[in-house]
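# Remarks on the overall topology
So the chains spell out like this:
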Amino acid sequence: MKQLRRCQCRKSVDDKKIRNTFPFDNFMQGMEFSNKVAELAEEEGHHPDVCIHYKEVEIEISTHTIGGLSENDFILAAKINDI
C-alpha cells in the first residue's frame, strides 16, 4: 500500500494549503489509511480535511486560524506521507 501511494501521489502546495491525493487498490485500503490519519491528527492536535472516494483519499492541510500555512502543516503532511 505504501509503495503505491508514493508512486502515484498527486501533491499541490500553494500559499493557503497543502493538498495530497493518495490512490489505493480498493475502498477498504483508503478507509484504513483515513483512520490512521485520524489517529495521527488527534495525537498532533492538528486536523486536516479528509475526503474519501472509492479508490483514493484527498487530504487538505492548512492552519485555519491564520488562513494559510504554518510549520505544523508541513510537519503533519510529512507524517501522513509516512503512514
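Residues numbered from 1 in each chain as written. Predicted model: local features only at pLDDT ≥ 70, side-chain atom pairs only at ≥ 80, totals over all residues. Heavy atoms only, no water.

### Points about the packing of aromatic side chains
To keep things clear, this is the line we draw: Here a Phe, Tyr or Trp ring, Trp counted by its six-membered ring, pairs with any other such ring whose centre lies within 6.5 Å, and the pair is stacked when the planes are under 30 degrees apart, edge-to-face when over 60, and tilted otherwise. Numbering of helices and strands runs from the N terminus; a helix is a DSSP stretch of H or I covering at least four residues, while a strand is a stretch of E covering at least two. Here the term buried applies to any residue with accessible area under 20% of the maximum for its type, exposed to any over 50%, and partly exposed to those in between, with areas from a 1.4 Å probe on protein chains only.
Counted by the stated rule, this structure contains 2 aromatic pairs. For the pair Phe22 and Phe33, a centre-to-centre distance of 4.8 Å together with 50 degrees between the ring planes defines the contact as tilted. Of the two residues, Phe22 sits in strand 2 (residues 18-23) while Phe33 sits in helix 2 (residues 27-44), which places them 11 residues apart along the sequence. A relative accessible area of 1% means that Phe33 is categorised as buried. With centroids separated by 5.2 Å and ring planes inclined at 45 degrees, the aromatic side chains of Phe24 and Phe33 adopt a geometry described as tilted. The same class applies to Phe24 and to Phe33, which are both buried.

### Points about the pairing of strand 4 (residues 56-61)
Defined as follows: In this analysis, strands are considered paired if DSSP registers two or more bridges between them.
Every second residue of strand 4 is oriented toward a common face, the buried set being Val57, Ile59 and Ile61 and the non-buried set Glu56, Glu58 and Glu60. Note that strand 2 and strand 4 share 6 bridges and pair antiparallel. Looking at the pairing, Arg19 lines up with Glu60 of strand 4. Linking strand 3 (residues 49-52) back to strand 4 in an antiparallel pair, the connection comprises 3 residues.

Note that every value here comes from positions in space, so none of it alone points to a role or purpose.
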